[in-house]
Amino acid sequence: APVALPFTPPTGGRWVFEAQPSAPDGDPVLSVRTHCAHAAAWSELGCNDDRDAADFGARISAALAPGAPVFVVVDGYRGADGYWAGPVRVTARPAD
């Protein structure tokens, strides 16, 4: 099942979110949304499955307003039927 983590940026601008699996066969899918309960396209600011063919971690860059909360949603590849091997480390940082 997906996990939604609330995040409120202290400053505005572009933020980078990353999900890195601890298990060697983990494959997280990461999305950033304006609303927790809505997976609709209007609420999604970004979504990523794999960084590349050799890295199953996920990375998103999104422009955020200061103090405006978002939800960082972590799921497994193929959703409910998918592969979820945790734990997964999720980080947020201002873009360089």
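Residues numbered from 1 in each chain as written. Predicted model: local features only at pLDDT ≥ 70, side-chain atom pairs only at ≥ 80, totals over all residues. Heavy atoms only, no water.

K.L.:
Please explain the sheet that holds strand β4 (residues 44-48) as it appears in this structure.
P.N.:
Within a beta sheet, neighbouring strands are joined by backbone hydrogen bonds and run either parallel or antiparallel to one another. If you trace the four strands from one edge of the open sheet to the other, you get β1-β6-β3-β4, paired in antiparallel fashion. Each of the sheet's edge strands pairs with one partner strand only, and the pair in question is β1 (3-7) and β4. Across the sheet, the mean angle from the axis of one strand to that of its neighbour is 20°, orientation sign disregarded. In this sheet, strand β6 (residues 70-76) lies alongside β1 in antiparallel orientation, the contact comprising five bridges. (Pairing = 2+ DSSP bridges. Helix = DSSP H or I, 4+ residues; strand = E, 2+ residues; numbered from the N terminus. Axes fitted to C-alpha atoms, helices over the stretch in contact; angles between N-to-C directions.)

K.L.:
Even after reading the chapter, I still don't get the sheet that holds strand β5 (residues 58-64), so can you show me in this structure?
P.N.:
A sheet is described by the order of its strands in space; here three strands give the open sequence β5-β2-β7, paired in antiparallel fashion. This sheet does not close on itself; its edge strands, each paired only once, are β5 and β7 (88-94). Shown here is a sheet whose adjacent strand axes are inclined to one another by a mean of 20°, direction ignored. Direction of pairing for strand β2 (residues 13-21) relative to β7: antiparallel, over a ladder of seven bridges. In the strand pairing of β7, Trp 15 is matched with Pro 94.

K.L.:
Explanation requested: the nonpolar core in the structure shown.
P.N.:
Counting residues in each nonpolar core, the largest one holds 13 residues, and the members touching the most others are Phe 7, Phe 17, Leu 30, Val 32, Leu 64 and Val 72. Elements represented by at least two residues in this core include exactly β2, β3 (28-33), β5 and β6. In terms of residue count, β5 provides more of this core than any other element does, four residues in total. Setting aside anything within four residues of it in sequence, one finds Phe 17 in contact with Phe 7, Leu 30, Val 32, Ala 58, Arg 59, Ile 60, Leu 64, Val 72, Thr 91 and Ala 92. (Core = buried A, V, L, I, M, F, W, Y, C linked by side-chain atoms within 4.5 Å. Buried < 20%, exposed > 50% of the residue type's maximum accessible area, 1.4 Å probe, protein only. Contact = heavy atoms within 4.5 Å.)

K.L.:
What is the right way to look at the pairing of β2 in this model?
P.N.:
The two faces of a sheet get side chains in turn, since along a regular strand they alternate between them. Looking at chain direction, β2 and β5 are connected through seven bridges and run antiparallel. Following the sheet pairing, Phe 17 is matched in β5 by Ile 60.

K.L.:
I keep staring at the environment of Thr 34 and nothing clicks. Help me out?
P.N.:
Within the element layout of this structure, Thr 34 appears in the loop between β3 and β4. With a relative accessible area of 29%, Thr 34 lands in the partly exposed category. Considered as a pair, Thr 34 and Glu 44 are ten residues apart in the sequence and their alpha carbons are 6.5 Å apart. Apart from the residues within four sequence positions on either side, Thr 34 is in contact with Trp 42, Ser 43, Leu 45, Pro 69 and Phe 71. One polar contact links Thr 34 to His 35, side chain to side chain, over a distance of 3.0 Å. (Polar contact = N/O pair within 3.5 Å; in protein donor to acceptor, adjacent residues only side chain to side chain.)

K.L.:
Explanation requested: the packing of aromatic side chains in the structure shown.
P.N.:
Any pair of aromatic rings gets described here by the distance separating the centres and the angle formed by the planes. Within the structure shown, the criterion is met by two aromatic pairs. Note on Phe 7 and Trp 15: the rings are 5.2 Å apart at their centroids and 65° apart in plane angle, and the pair reads as edge-to-face. The exposure class assigned to Phe 7 is buried, which follows from its relative accessible area of 18%. The exposure class assigned to Trp 15 is buried, which follows from its relative accessible area of 5%. When the centroid spacing of 5.4 Å and the interplanar angle of 90° are considered together, the rings of Phe 7 and Phe 17 count as edge-to-face. (Phe/Tyr/Trp six-rings, centres within 6.5 Å; stacked < 30°, edge-to-face > 60°.)

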